[in-house]
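Listed here are the chains, written in short residue letters.
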Amino acid sequence: MAKVYKKFVVANWKMNPLDADSAVKLFSAIREQAVRARETLVVVAPPLLFLNTLTRLGNDKNISFGAQNCFWEEKGAYTGEISPTMIKGMSADYCIVGHSERRALGETNEMVNRKVRAALRNGLTVILCIGESERDAEGTYLEFLERELHEALASVTKKQLSQILIAYEPIWAIGGSAERSCAPRDVHEVVILIHKFLKDIFRVSAALEVPVLYGGSVAPENTEKLVREGRVNGLLVGGQSLIAANFCKIIEIVDSLVL
Ligand code: 13P
């Protein structure tokens, strides 16, 4: 039976590195650390171009692969798109959907929902990204997050809940050094709310078990506080996942923490 992981560290390489050799080198360093973890799953989401090369190196212990996006149709005349079936065919089990950098290019909640449903239908586990662009004292950003969740998860069934992870990535916290990240207390507040919203949507207690990750300027320096005080099940890491030593440190710290 497949091991059930409680902790996750996801590498979103975005549009990096520039060539396959660098991707293999980076992945090999990450793998060395990942296989030593006790209870953490490391998900590597490279550019799709490198996915096949990396999955052929082996789906080692504690390692899974993910795509950074997918399309909602299975096949056909959709120039430039990649379907969940193709992703699954490359031995990837995860798919990031609704990343803010894709939403900034025009992806709507409705499109995110179609992608979520297609990915789930094809047996992928979805890492659904939500996050506000700014925080206001009145708390309207919380309504924004609720709407993102509701609309992205429309028509998703209770049974599919076990294939979903939510990544809270406040847009204002992405792409900086450790100081820019969201305060752990504020992360914790959102984790509680995400579980409440999921419970409202699905009306089953399993909604409270859906893993919630945090992303946005994660670095070795803020990893422990974000996970321990933010009470997340793991982290979605951008920039620092491209620096092998730093990403390995993040894996090591997350794995050492008792949730
Ligand atoms: P950074 O870790 O570079 O802030 O990126 C976060 C992110 O967007 C991961 O999906």
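Please refer to the structure placed before this passage.
Caption draft 1: Structural context of the overall build of the chain. Of the regular secondary structure elements, the chain holds nine helices and eight strands. Taken over C-alpha atoms, the radius of gyration comes to 17 Å for the chain, in line with the 18 Å a tight globule of 259 residues would show. Projected onto its principal axes, the C-alpha coordinates of the chain cover approximately 50 × 45 × 40 Å. Here the chain holds 259 residues, and 52% of them are scored as buried. Put simply, of all contacts in the chain between residues at least 6 apart along the chain, 72% involve residues at least 24 apart. In the form shown here, the chain has an accessible surface area of approximately 12,200 Å², with 51% of it arising from carbon and sulfur atoms. Here the chain contributes 31 positive and 31 negative side-chain charges, whose respective centroids are spaced 6 Å apart.

Caption draft 2: Structural context of the pattern of salt bridges. Enumeration over the complete set of coordinates arrives at 14 salt bridges. A salt bridge links Arg31 to Asp60; its shortest N-O distance comes to 3.3 Å. Residue Arg31 is located in helix α1 (residues 20–34), and its partner Asp60 is located in the loop between α2 (48–56) and β3 (63–67); the two are separated by 29 residues in the primary sequence. The exposure class assigned to Arg31 is partly exposed, which follows from its relative accessible area of 21%. The class for Asp60 is partly exposed, based on a relative accessible area of 30%.

Caption draft 3: Spotlight on the sheet that holds strand β1 (residues 7–12). Spatial strand order, β1-β2-β3-β4-β5-β6-β7-β8: eight strands in a closed barrel with parallel pairing. Going from strand to strand, the sheet's axes swing by 25° on average, the running direction of each strand aside. In this sheet, strand β4 (residues 94–97) lies alongside β3 in parallel orientation, the contact comprising two bridges. Within the sheet, the bridge partner assigned to Ala67 lies in β4 and is Cys95. Contacts from helix α5 (residues 109–121) reach β4, β5 (125–130) and β6 (164–168), with the element oriented near 160° to β5.

Caption draft 4: Quick look at the environment of Val35. Mapping Val35 onto the fold places it in the loop between α1 and β2 (40–45). You can call Val35 partly exposed: its relative accessible area is 28%. Linking Val35 and Lys61, residues 26 residues apart in sequence, is a C-alpha distance of 5.5 Å. Setting aside residues up to four positions removed in sequence, Val35 forms contacts with Asp60, Lys61 and Asn62.

Caption draft 5: Focus on unusual backbone geometry. Note that the residue after Asn16, namely Pro17, is joined by a cis bond; omega there is -10°. The topology assignment puts Pro17 in the loop between β1 and α1. Phi is positive for Lys14, which is not a glycine, with a value near 50°. Tracing the backbone shows Lys14 in the loop between β1 and α1. Backbone geometry at Ser91 places phi at a positive 70°, although glycine is not the residue there. Mapped onto the fold, Ser91 is located in the loop between α3 (84–89) and β4.

Caption draft 6: Examining the nonpolar core more closely. Counting residues in each nonpolar core, the largest one holds 66 residues, and the members touching the most others are Leu128, Tyr214 and Leu235. Every residue in contact with Tyr214, bar those within four places of it in the chain, is listed here: Tyr168, Pro170, Ala173, Ser181, Cys182, Val187, Leu226, Val232, Gly234, Leu235 and Leu236. Core analysis: the second largest hydrophobic core is formed by 14 residues, Ile96, Ile127, Leu165 and Ala167 among them.

Caption draft 7: How the structure looks around the side chain of Glu148. Tracing the backbone shows Glu148 in helix α6 (residues 140–152). Take Glu148: its relative accessible area is 3%, and that puts it in the buried class. In terms of polar contacts, Glu148 uses its side chain to reach the side chain of Arg103, at 3.4 Å. With residues near it in sequence (within four places) discarded, Glu148 still touches Arg103, Asn109, Ile130 and Gly131.

Caption draft 8: Looking closely at the layout of surface pockets. The computed volume of the largest pocket comes to approximately 640 Å³. If you trace the largest pocket, you find 21 residues lining it, with Val4, Tyr5, Phe8, Tyr94 and Ser162 closest to the centre. Partitioned by chemical class, the residues of the lining of the largest pocket number 13 nonpolar, five polar and three charged. What the second largest pocket holds in volume is close to 430 Å³. In this structure, the second largest pocket is lined by 18 residues; those nearest its centre are Lys14, Met15, Gln68, Asn69 and Arg102. When the residues that make up the lining of the second largest pocket are grouped by side-chain class, the tally is nine nonpolar, five polar and four charged.

Thresholds, definitions, all that
Residues numbered from 1 in each chain as written. Predicted model: local features only at pLDDT ≥ 70, side-chain atom pairs only at ≥ 80, totals over all residues. Heavy atoms only, no water. Helix = DSSP H or I, 4+ residues; strand = E, 2+ residues; numbered from the N terminus. Rg over C-alpha atoms; globule rule 2.2 N^0.38 Å. Buried < 20%, exposed > 50% of the residue type's maximum accessible area, 1.4 Å probe, protein only. Contact = heavy atoms within 4.5 Å. Areas by Shrake-Rupley, 256 points an atom, 1.4 Å probe, with all protein chains shown as cover. Lys, Arg positive; Asp, Glu negative; His and termini not counted. Charge placed at Lys NZ, Arg CZ, Asp CG, Glu CD. Salt bridge = Lys/Arg side-chain N within 4 Å of Asp/Glu carboxyl O. Pairing = 2+ DSSP bridges. Axes fitted to C-alpha atoms, helices over the stretch in contact; angles between N-to-C directions. Core = buried A, V, L, I, M, F, W, Y, C linked by side-chain atoms within 4.5 Å. Polar contact = N/O pair within 3.5 Å; in protein donor to acceptor, adjacent residues only side chain to side chain. 1 Å grid on protein atoms, 1.4 Å probe; cavity = no way out; pocket = protein on both sides within 12 Å on 5 of 7 lines; lining within 4 Å. Points joined across faces, edges and corners; volume = space filled by probe spheres on them. Nonpolar A, V, L, I, M, F, W, Y, C, P; charged D, E, K, R; others polar.

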